[in-house]
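So you can see what is in the structure, the chains are spelled out below.
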Amino acid sequence: MELGAFQWGLPPSIVFTFPGRFLEGSSMCSSWVVLAFCCLGQLCADQSLKPQIAAPQLATNNPTLTTVALEKPFCMFDSSLHPNKAYIIYLYAMKETASAISSLVTDNSGKPLDSTFQQTSGGQLGPYKAASFDVPNCASPPKLADVGDVNKVSDVLKQYLFRVGDDGTCLYDPNFLAVCNPPLAPDTTYRFKYVLLDSTEGIMKDQTLWSDPIKTRRVKLPMKIDTWPGRRSGDMIVITSILSVLVFLLLAGFLASVSSAAMRSKDSSAETRCMSQTIQQREPRPQLSSE
């Protein structure tokens, strides 16, 4: 018997195949099998969602030494949202060296943890809450075309991205009561997770997987910066040579113009002196009258 395969409208990474013999029998049995696999596929699709690092077109030089720009969870939790309910998104961060046991973000009652940066030693001991913000509006996301508009780019990026580690003062402000988002450690690998919270009940309704490892940049000491031209590209060497020649020509032209101006000034002063002497010689001398 040939094997049949069915595919549903799921993400490309989620494809289910099964033998055609499973479809033999009553139509009721077949319907239940299809329904079961569809539900399982949707569940796996939801669980495969995780925070993503921002595209380089939207966030250049990302990650930096102390920050990581992430895409906000647009349309990630739509299946968990219900009308007449209030929701909020929590963002958790932890260092990759934290143990799997300490990576939980809820307690036994399903309430999200309020662990802070200080309490977890910056994510070393477990996840800490780095941010909280409203659920992004999937129905009307920001227009990425507006990124090219100088007047709109800042607002679009704030709607679409969140930068972890962007607050350098909250740790030292005793009056700061909001969620603290202090700078991350350089040359350190982090993971991130989004959690959907029911604001009314105060319990978690949904969550993503932990993100893939994301490493902040390493501090490069000045003495370790490679300036050897042998490791530069051919284009850089050609451009550097052309610029050097142009600078030399400009400098030579400047010196030549200064020298020429000085010579003309000297010749002009000599000519003026000569003419003055000639005029004095031509002037008649006054004759003395005898009494």
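Here, the structure is the one placed above.
Just so it is clear, the structure is predicted and the values come from calculations on it, not from any experiment. (Residues numbered from 1 in each chain as written. Predicted model: local features only at pLDDT ≥ 70, side-chain atom pairs only at ≥ 80, totals over all residues. Heavy atoms only, no water.)

Focus: the overall build of the chain
This is how it is decided: In this description a helix means any DSSP run of H or I spanning at least four residues, a strand means any run of E spanning at least two, and both kinds are numbered starting from the N terminus. The criterion used for residue contact is that any of the two residues' heavy atoms lie within 4.5 Å.
Broken down by element type, the chain carries three helices and seven strands. Ordered by position in the sequence, the α and β elements of the chain form the string α-β-β-β-α-β-β-β-β-α. Look at the contacts in the chain between residues 6 or more apart in sequence, and 67% of them connect residues 24 or more apart.

Looking at the packing of aromatic side chains
The criterion, for reference: Pairing of aromatic rings covers Phe, Tyr and Trp, the last counted by its six-membered ring, and requires centre-to-centre distances within 6.5 Å; plane angles under 30 degrees mean stacked, over 60 mean edge-to-face, and any other angle means tilted. Categorising residues by exposure relies on relative accessible area from a 1.4 Å probe, with only protein chains included: less than 20% of the type maximum marks a residue as buried, more than 50% marks it as exposed, and the intermediate range marks it as partly exposed.
The tally for this structure, following the rule as stated, stands at six aromatic pairs. Summarising the aromatic geometry, the rings of Phe-117 and Tyr-128 are spaced 5.2 Å apart at their centres and angled 85° between planes, so their arrangement reads as edge-to-face. Of this pair, Phe-117 sits in the loop between strand E2 (87-95) and strand E3 (128-133) while Tyr-128 sits in strand E3, and the two are 11 residues apart along the sequence. Neither Phe-117 nor Tyr-128 differs from the other in exposure class; each is buried. Consider the rings of Phe-133 and Tyr-194, whose centres lie 6.1 Å apart with planes at 80°: the pair is edge-to-face. You can see Phe-133 sitting in strand E3 and its partner Tyr-194 sitting in strand E5 (residues 189-198), a full 61 residues away along the chain. Relative accessible area serves as the criterion here: at 10%, Phe-133 is assigned to the buried category. The exposure class of Tyr-194 is buried, given its relative accessible area of 0%.

What about the side chain of Thr-67?
Our working definition: In the analysis that follows, any N or O atom pair within 3.5 Å is treated as a polar contact, provided that within protein one partner can donate a hydrogen and the other can accept it, and provided that, for residues neighboring in sequence, both atoms belong to side chains.
Structurally, the position occupied by Thr-67 is in the loop between helix H1 (27-47) and strand E1 (68-71). Among the polar contacts made by the side chain of Thr-67, one reaches the side chain of Thr-64 at a distance of 2.5 Å. Reaching out from Thr-67, the side chain makes a polar contact with the side chain of Arg-163 at a distance of 3.1 Å. If we skip the residues at most four places from it in the chain, Thr-67 touches Asn-62, Arg-163, Val-164, Gly-165, Asp-166, Leu-184 and Thr-216.

Thoughts on the pairing of E3
Selection rule: When DSSP locates at least two bridges between a pair of strands, those strands are taken to pair.
Most of E3 sits out of view: five of its six residues are buried. Alignment of E2 against E3, held across five bridges, turns out to be antiparallel. In the strand pairing of E3, Ile-89 is matched with Phe-133.

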